[in-house]
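Here are the chains, one letter per residue:
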Amino acid sequence: MARFTPLTYNTGGSCALVLFTFSLLFFSSCKEHADAAASNGNPRGTEAPIVDVLVASSRPIKNEIEANGSVVANEYVELHPEISGRIVYLNVPEGSKVAKGTVIARINDADLQATLAKAKAQLDLYQKTEERERKLLEINGINQADYDLAVSNINGTKADIDFTQAQLDKTVIRAPFDGVVGLRQVSPGAYITPANIIATVQQLDKTKVDFTLPEQYSYVIHKGSLVDVQLDALTNTRRKGLVIATEPQINLSSRNLKIRALLEDGVGHPGSFVKVFVNAGADKRAVMVPTNCIIPEDKNNQVILVKNGRAKMVNVETGVREASNIEITKGIDPGDTVVVTGVLFARPNAAVTIRSVKTSETENTPPAANAK
């Protein structure tokens with residue numbers, strides 16, 4: 001039987017040559033890209049980050065400071081008993097008006113009444129004794145020391161009566177002013193102490209608003225100033241408030257100044273949240289940028305500008321703040337190109353790729369400045 005031997009070819013040398021040539025071309029191409037990236041100021045092997053920019057321009061802003069506040073009652077008190085005891089009378093007309101001096105509650109005073117009666121009986125005896133000894137003293141029937149002791153007994157007993165009467169007065173809880181009674185916190189027959197709240201009384205014919213401003217705005221507010229108060233966020237209705245007082249000292253932790261204004265028209269619910277708008281002077285034009293452009297540091301705030309296709313870090317000073325924008329008072333001029341997105345990827349003096357260009361609004365007046 002005939003045998004056939006398969007033909008074999010020595011292809012090892014040619015395959016190695018092709019693989020070497022391909023590898024040489026690949027690494028050469030990668031080196032060219034890395035060198036190009038390095039020449040643009042970016043780290044070797046990375047591409048220029050893509051950013052969106054804003055062309056800064058000045059636009060009119062309303063020079064109005066917005067602050068958060070709370071409505072407080074003209075007068076407010078929590079009714080506590082001054083002594084401990086059991087409630088024997090309770091009159092808390094929840095949600096109704098009461099006049100000043102109305103009895104709200106009484107505490108059991110039987111022991112104090114007995115003590116008072118005993119002291120009055122002693123006083124009567126001491127007064128009779130003093131009369132007899134005074135007559136004896138006139139005829140030298142007793143010495144002066146015995147008569148002085150009788151007088152001292154009278155004065156001491158009168159003091160005991162006054163003290164007991166003061167304790168009796170504390171068993172009666174009265175409304176300290178005309179107002180509206182809140183919800184009842186205790187029940188008849190309960191044993192209460194000065195730590196217990198019986199009810200609250202609030203005077204609602206006038207309401208006040210307490211709000212705070214940063215210390216740098218303290219110059220725009222003073223006693224007698226008028227502010228706008230927005231009680232209802234749904235209707236955006238504003239009411240006038242008259243500043244009646246400011247806290248003499250600025251808060252050491254927040255560096256805010258506390259201010260109190262009296263609502264001249266309209267009554268709010270005590271404890272409700274309000275917005276207060278303070279006029280800080282004439283309206284002006286300013287360069288506004290989105291707040292996300294700002295890079296905060298320990299001492300300075302920075303933004304990234306694009307000049308000649310490269311990122312440049314500049315220090316800026318800020319002014320009034322809106323809901324999403326902030327005023328730049330120093331560091332940016334109209335016409336500068338500000339990076340608004342991709343801020344975290346841009347590097348100083350490195351090339352960037354601009355994807356889109358935005359412009360500031362020049363027609364619409366933005367909301368009031370935020371003083372939070």
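Residues numbered from 1 in each chain as written. Predicted model: local features only at pLDDT ≥ 70, side-chain atom pairs only at ≥ 80, totals over all residues. Heavy atoms only, no water.

1. Structural notes on the overall build of the protein chain
- For the protein chain, the helix and strand inventory stands at 3 helices and 22 strands.
- Approximately 23000 Å² of the protein chain is accessible, and the part contributed by carbon and sulfur atoms is 52%. (Helix = DSSP H or I, 4+ residues; strand = E, 2+ residues; numbered from the N terminus. Areas by Shrake-Rupley, 256 points an atom, 1.4 Å probe, with all protein chains shown as cover.)

2. Remarks on the sheet that holds strand β6 (residues 103–107)
- Strand order in the open sheet formed by 4 strands is β7-β6-β4-β9, and the pairing between neighbours is antiparallel. On the outer flanks of this sheet lie β7 (172–174) and β9 (191–192), each paired with one strand and no other.
- For strand β4 (residues 85–90) and β9, the ladder comprises 2 bridges, and the chain directions are antiparallel. When the sheet's bridge partners are listed, Gly-85 is paired in β9 with Ile-192. (Pairing = 2+ DSSP bridges.)

3. Looking at the pattern of salt bridges
- Applying the stated criterion across every chain yields a total of 7 salt bridges.
- Note that Glu-66 is salt-bridged to Lys-275, the shortest N-O span being 2.9 Å. Residue Glu-66 is found in strand β3 (residues 64–79), and its partner Lys-275 is found in strand β14 (residues 273–279); the two are separated by 209 residues along the sequence. Grouping residues by exposure puts Glu-66 and Lys-275 together as buried.
- Salt bridges here are not isolated pairs; linked through shared partners, they connect Asp-228, Arg-238 and Lys-240. (Salt bridge = Lys/Arg side-chain N within 4 Å of Asp/Glu carboxyl O. Buried < 20%, exposed > 50% of the residue type's maximum accessible area, 1.4 Å probe, protein only.)

4. Thoughts on the pairing of strand β19 (residues 325–330)
- Of the strand pairs in this sheet, strand β15 (residues 284–290) and β19 are connected by 4 bridges, and their pairing is antiparallel. Looking at β19, one finds that Val-287 is bridged to Ile-328.
- Both strand β18 (residues 310–321) and β19 contribute to a ladder of 3 bridges, which runs antiparallel. What sits directly across from Arg-321, in β19, is Ile-326.
- Hairpin geometry of β18 and β19 is characterised by an intervening segment of 3 residues between the two adjacent antiparallel strands.

5. Observations concerning the side chain of Asp-52
- Its place among the elements puts Asp-52 in strand β1 (residues 50–55).
- In this structure the side chain of Asp-52 is engaged in a polar contact, spanning 2.7 Å, whose partner is the side chain of Thr-341.
- A distance of 2.8 Å separates the side chain of Asp-52 from the side chain of Ser-356, its partner in a polar contact.
- Discounting residues that sit within four places of it in the chain, Asp-52 has contacts with Val-338, Val-339, Val-340, Thr-341, Arg-355 and Ser-356. (Polar contact = N/O pair within 3.5 Å; in protein donor to acceptor, adjacent residues only side chain to side chain. Contact = heavy atoms within 4.5 Å.)

6. Examining the nonpolar core
- Membership of the largest hydrophobic core comes to 24 residues, with the highest contact counts inside it found for Val-209, Phe-211, Leu-213, Ile-221, Val-227 and Val-278.
- Contributing elements (two or more residues each) for this core: β3, β10 (199–214), β11 (226–232), β13 (256–263), β14 and β15.
- With near-sequence residues (within four places) excluded, Val-278 lies in contact with Asn-63, Glu-64, Ile-65, Phe-211, Leu-213, Val-220, Ile-221 and Val-227.
- If you look at the next biggest cluster of nonpolar residues, it comprises 17 residues, including Leu-90, Ala-175, Ile-192 and Ile-198. (Core = buried A, V, L, I, M, F, W, Y, C linked by side-chain atoms within 4.5 Å.)

7. A look at the environment of Val-55
- Within the element layout of this structure, Val-55 appears in strand β1.
- Along the chain, Val-55 and Val-339 lie 284 residues apart, while their C-alpha atoms are 9.0 Å from each other.

8. Comments concerning the confidence of the model for the protein chain
- The share of residues in the protein chain with pLDDT of 70 or more is 83%, and the mean pLDDT across the chain is 83.
- Of the regions scoring below 50 in pLDDT, residues 1–21 engages in 0 contacts with residues more than four places distant in sequence or in other chains. (pLDDT = per-residue confidence, 0-100.)

9. Brief notes about the packing of helix α2 (residues 110–138) against helix α3 (residues 144–170)
- Between α2 and α3, the least distance of the axes is 8 Å, while the angle of their chain directions is 160°. By the angle between their directions, the pair α2 and α3 is classed as roughly antiparallel. Regarding α2 and α3, the two cross each other, and that crossing is left-handed.
- The residue inventory of the contact of α2 with α3, partitioned by class, reads 12 nonpolar, 10 polar and 6 charged. (Axes fitted to C-alpha atoms, helices over the stretch in contact; angles between N-to-C directions. Parallel < 35°, antiparallel > 145°, perpendicular 65-115°, else oblique. Left-handed = near helix turned anticlockwise from the far one by under 90°. Nonpolar A, V, L, I, M, F, W, Y, C, P; charged D, E, K, R; others polar.)

10. Some words on α3
- Look at α3: 40 Å from first C-alpha to last across 27 residues, which is about the 39 Å you get at 1.5 Å a residue.
- Within the span of α3, buried status applies to Tyr-147, Ala-150, Ile-154, Thr-157, Ile-161, Thr-164, Gln-167 and Leu-168. (Expected span 1.5 Å × (residues − 1).)

11. A word on the environment of Asn-301
- Within the secondary structure layout, Asn-301 lies in strand β17 (residues 301–307).
- Judged by relative accessible area, which is 24%, Asn-301 ranks as partly exposed.
- Counting along the chain gives 17 residues from Asn-301 to Thr-318, while the straight-line C-alpha distance between them is 8.1 Å.
- Among residues more than four places away in sequence, those in contact with Asn-301 are Ile-294, Ile-295, Pro-296, Val-314, Asn-315, Val-316 and Thr-318.

12. Regarding α2
- With 29 residues, α2 extends 43 Å between its outermost C-alpha atoms, agreeing within 8% with the 42 Å of an ideal straight helix rising 1.5 Å per residue.
- All buried positions along α2 are accounted for by Leu-112, Leu-116, Ala-119, Leu-123, Glu-130 and Glu-133.
- Check the buried side of α2 and you find it contacts α3.
- Following α2 by one or two positions, Asn-140 has its phi on the positive side, about 60°.

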